[in-house]
Structure formats: C-alpha cells, structure tokens
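# Chain and residue survey
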Amino acid sequence: MRRVLDRMALVVAVVCAGLFVLLSTGVVAWAVTQQPGTVTAWISSDPSVGIARFGAIMLGIGALSGGAAYLATVGTRAHVERSSQELVHLATRFAAGEARLTPVHSDIDEIDHVSGVMTRRAHDMTKSLAAERDFAADASHQLRTPLTALLMRLEEISETDDAEVVKEEATIAIAQVERLTRVVDDLLGRTRGSGGPSPAVSLDSVIAALQREWQPAFEQARRSVRVRGERGLFVRSTPVALSQVLSTLLENSLVHGRGTVDVHARRSGPSVIVEVSDQGDGVPAAMAPHIFERSVSSGAGGSTGLGLALARDLAESNGGRLDLVQAQPARFALFLSEAETD
C-alpha cells in the first residue's frame, strides 16, 4: 500500500511541476510580448548566461512546485495507509472468528463501508451461533425428561413378572414414546419458525399424565404430588410446551424441595394460574432475582440451570408467564390464557 501511495504522490508531483513550468513559460512569453526591450537587453548582454538563467529558473520552479505537491500529500497518504492497515487488521480478526469487532472510522467512505459490513456480519454470526448453542442446550434438556421417565418404566418392566404390571407399565412407556415424538416435532417446529395461535389444551389431562410420569420418582423419594383446585380448565398452549413447563417445576421440587408437592389450578379473570409449591427451604434470597437466568443453579442434583430458563421461554412463547411468586418456601406460578371450549 505504501509503494502504491508513493507512486501516486510522485505522479501528482510531476504533474504539478509540469503545470508550474508551463505557467512560468506563459509568464515569460507575456513579458516578451509586453516588454521586449527589457528581455532583449537581458539576453543580449550574454546570451548563454541568459539562457542558463532562464533554464535554472524553470527547473527551480518545477522542483519547488513538485516538492510542495509531494509534501502536501504526506498527511493524506499516512491517513490512508493507517486506515488501510486497520481494515486489514479488522479483516484478519473477522476471519479468525472474533465476535467483538470495532468498526474503522477513517472518514473514507469505502473503507468505512467495508468495515461496517464486516462488523455487522460478525455480530449476526455471533447471534446465530449463540441461538444455535441455546437451541442445542434446550433440546437436550427437553429430551432428557421423557427419556428418563421412559427408562424408569422399562426398569419397572424388567424387574417384575406380573403380567398386569408389565401391561400397565408398557402402556405408560408407549405414552412416553408418544410424548417424546411430540417433543421432537415441537423442536423441529421451533427451528422452522412455525407460528400461529396456540391451541386449546385440557389442563386436567396434562397434569394427570405428569402425575403418572413422575409417580415412580416421587415414590422412590418417599414423597407425593397433590393436585387440587378447579377442574375442567382449558388453556391456550401447545400440550408439549405446557407439559414441559410443569414437568420442569415438578423436577425442580423433586430435586431441590421437600415434602408434598402441591399443584393448584385456579381461574383469575381471563387467566388460569397453576401454582406449584413444596415444603422445602425454598430459593436463597441472593438467587431469587436471577432464578430464571441461564446457568443459574445451586448445582444440586446435577442441575445445569437451563430448566427454569427454558420453562419461562416456553411459557412466553405460548402467550403465558412463569414467575417465582414466593421464595421461601418456593412457589412458582404459571399464568396462561383461558381457552373457550364448546
């Protein structure tokens, strides 16, 4: 870049020198026509000296004008060279995959435009990669619960010779496989960006299925789940999302809580509220304001901190809201729009 700029400056200097020599020649020509006596006397006294003086004057004028033109471009050439180097450095960092890029501000439209494009593209790529990482984490978390429940049912089948128990557990296992299929379909729908209003789903049927799913785990922990409140409620949500949100709350109570888990459903104006609570110590005061942030977890039971964050996202994507309404003991409330049924 420096050699190119130097050559350009040299060309500018030569052109400027030529123009000044032509201008000086024009001045001399004017003097010859307007005051021929003075010029003739100056040359005739000693023609060789006069011509030498004239040539020296022309060369001096050309050298001075060319040097001035060359020096006049020093600052501009340095600015362009510095801006070009910054752009190259920016491109190198962009190619290396850096996300936090600062655009070049050179007041040169072309350089600023290119740096702006690279900076925006780096930002977009960072957002895309973050979304992909979040989706992968969310998908693994959503698939883990039905897979764990399915494994528990298969273990029950493998440990019994009672045909009725095998039949019952197999029926529940089939339901788990169907739920797993719906979870996969729901995840694929998220990647395609499928939209539209949420369907009406029976709250009773979702809670009953979750009771059957989590019953072995709570029995193993010598605990229970109690369902109370209004019955026959329908809410606006996809069955998969509603099941995942409530399943996350039940798992959270199983891992971090104690005693009986209480699931209470009720109407509140145009909304339906489902509260899930237990008799444990609850959420520490320092953690409560950040409980729905990703990677925020006490670490107990191998928790990754994704469950509640994903549950809130799922609730909001279905037009609802998930809040921690009481920290000690913990009580979570899921707010959903009530659906009208025929």
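Refer to the preceding data block for the structure.
Per-chain numbering applies: the sequence of each chain, read as written, is numbered from 1 onward. Residues qualify for local features only when their pLDDT is at least 70, as the model is predicted, and side-chain atom pairs are given and counted only at 80 or more; totals for whole chains, interfaces and linings, by contrast, use all residues. For side-chain calculations, the full set of non-hydrogen atoms in the structure is used, while hydrogens and water are omitted.

### Quick look at the packing of helix α8 (residues 239-256) against helix α9 (residues 307-317)
The contact between α8 and α9 brings their axes to 9 Å, and the two run at 150°. For the element pair α8 / α9, the angle class is roughly antiparallel. Classified by chirality, the crossing of α9 by α8 is left-handed. The residues of α9 that touch α8, namely those facing Ala241, Gln244, Val245, Thr248, Leu249 and Asn252, are Gly307, Leu308, Ala311, Leu314 and Ala315. Here the nonpolar group is Ala, Val, Leu, Ile, Met, Phe, Trp, Tyr, Cys and Pro; Asp, Glu, Lys and Arg are the charged ones; every other residue, Gly included, is treated as polar. Classifying every residue of the contact of α8 with α9 by side-chain character gives seven nonpolar, four polar and no charged. Fitting a line to C-alpha atoms yields each axis, with helices limited to the stretch in contact; the angle taken between N-to-C directions then spans 0 to 180 degrees. Only DSSP runs of H or I with at least four residues qualify as helices, and only runs of E with at least two residues qualify as strands; both kinds are numbered from the N terminus onward. Note on terminology: angles under 35 degrees are roughly parallel, angles over 145 are roughly antiparallel, angles of 65 to 115 are roughly perpendicular, and the others are oblique. Here a crossing is taken to be left-handed if its near helix is turned anticlockwise relative to the far helix by less than a right angle, and right-handed if that turn runs clockwise. Whether two residues are in contact is decided by their heavy atoms: any pair within 4.5 Å suffices.

### With respect to the pattern of salt bridges
One side-chain nitrogen of Lys or Arg within 4 Å of one carboxyl oxygen of Asp or Glu is enough to make a salt bridge. On inspection of all chains with the given rule, the structure shows nine salt bridges. For Asp323, the salt bridge identified is with Arg321, shortest N-O distance 2.6 Å. Among the residues examined, Arg321 registers a relative accessible area of 40% and is labelled partly exposed. One network of salt bridges, with partners in common, ties together Arg226, Arg228 and Asp262. Relative accessible area decides the class of each residue, using a 1.4 Å probe on protein chains only: under 20% of the type maximum gives buried, over 50% gives exposed, and in between gives partly exposed.

### Things to note about the nonpolar core
Throughout, nonpolar core names a set of buried Ala, Val, Leu, Ile, Met, Phe, Trp, Tyr and Cys residues whose side chains join them through atoms within 4.5 Å. In this structure, Leu203, Leu242, Leu246, Val274, Leu322, Phe332 and Leu334 are the most contacted members of the largest nonpolar core, which totals 40 residues. Mapped onto this core, the elements with two or more residues apiece are α7 (203-220), α8, β4 (261-268), β5 (271-277), α9, β6 (321-326) and β7 (331-337). If near-sequence neighbours (up to four positions away) are discounted, Leu242 is found in contact with Val201, Leu203, Val206, Val235, Ser237, Leu334 and Leu336. Among the nonpolar cores identified, the runner-up in size contains eight residues, and Leu87, Leu101, Ile108 and Ala122 belong to it.

### Side note on the pairing of β7
Counting buried residues along β7, five of its seven residues qualify, which places the element largely inside the surrounding structure. Summarising the sheet, β5 and β7 pair through seven bridges and their orientation is antiparallel. Within the sheet, the bridge partner assigned to Ser271 lies in β7 and is Ser337. The loop that links β6 with its antiparallel partner β7 comprises four residues. Strands were regarded as paired on the criterion that DSSP finds at least two bridges between them.

### What about α8?
An ideal rise of 1.5 Å per residue puts 26 Å on 18 residues; α8 measures up with 25 Å between its terminal C-alpha atoms. The buried fraction of α8 is high, at 15 of 18 residues. Working rule for helices: expected span equals 1.5 Å times residues minus one.

### Quick notes on the side chain of Ser202
Along the polypeptide, Ser202 turns up in strand β1 (residues 200-202). A residue is classified by how much of its surface remains accessible, and Ser202, at 18% relative accessible area, is buried.

### Describing the packing of aromatic side chains
Note on aromatic contacts: the rings of Phe and Tyr and the six-membered ring of Trp form a pair at centre separations within 6.5 Å, being stacked when their planes are under 30 degrees apart, edge-to-face when over 60 apart, and tilted otherwise. Counted according to the given criterion, the structure contains two aromatic pairs. Ring geometry for Trp214 and Phe218: centres 6.5 Å apart, planes at 70°, overall edge-to-face. With Trp214 and Phe218 both in helix α7 and four residues apart, this pair spans about one turn of that helix. A residue is classified by how much of its surface remains accessible, and Trp214, at 10% relative accessible area, is buried. Their ring planes at 85° and their centres at 6.1 Å tell us that Phe292 and Phe332 sit as a pair that is edge-to-face.

### Let's talk about a negative patch on the surface
Where like charges cluster on the molecular surface, the negative patch consists of Glu155, Glu156, Glu159 and Glu219. By the element assignment, Glu219 lies in helix α7. For Glu219, a relative accessible area of 51% gives the class exposed. Here a patch means residues that are over 30% exposed by relative accessible area and free of salt bridges, tied together within 9 Å if like-charged and within 5 Å if nonpolar (Val, Leu, Ile, Met, Phe, Trp, Tyr). Areas reported here follow the Shrake-Rupley algorithm with a probe of radius 1.4 Å; residue values treat only the protein chains shown as occluding. Under the convention used here, Asp and Glu are negative, Lys and Arg are positive, and both His and the chain ends fall outside the count. A single reference atom marks each charge: NZ on Lys, CZ on Arg, CG on Asp, CD on Glu.

### Examining the packing of α7 against α8
For the pair α7 and α8, interaxial distance at closest approach is 10 Å and the crossing angle is 35°. Between α7 and α8 lies a crossing of right-handed hand. Contacts between α7 and α8 involve Leu203, Val206, Ile207, Leu210, Glu213, Trp214, Ala217 and Phe218 on the former and, on the latter, Leu242, Ser243, Leu246, Ser247, Leu250, Glu251 and Leu254. The residue makeup of the contact of α7 with α8, split by class, is 11 nonpolar, two polar and two charged.

### Here's the deal with α7
Under the 1.5 Å per step criterion, the end-to-end length of α7 is 26 Å for 18 residues, consistent within 8% with the ideal 26 Å. Looking at α7, one finds that the buried residues are Leu203, Val206, Ile207, Leu210, Glu213, Trp214, Pro216, Ala217 and Phe218. Residue Arg222 follows α7 closely and has a positive phi angle near 55°.

### Some points on the sheet that holds strand β2 (residues 225-229)
Read across the sheet, five strands follow the order β2-β4-β5-β7-β6 without closing on themselves; strand pairing throughout is mixed. With one partner strand each, in any of the chains shown, β2 and β6 form the two edges of the open sheet. Mean inter-strand twist for the sheet, computed between neighbouring axes without regard to direction, equals 20°. Two strands pair when backbone bridges link them, and β6 and β7 are joined in this way by five bridges, in the antiparallel orientation. Within β7, the residue paired with Asp323 across the bridge is Ala333. Running over the sheet, α9 touches β6 and β7 and is turned about 125° from β6.

### Notes on the environment of Arg231
The residue Arg231 is located in the loop between β2 and β3 (234-236) in this model. With a relative accessible area of 55%, Arg231 lands in the exposed category. Considered as a pair, Arg231 and Ser202 are 29 residues apart in the sequence and their alpha carbons are 9.5 Å apart.

Functional significance is not addressed by these values, which are geometric in nature.
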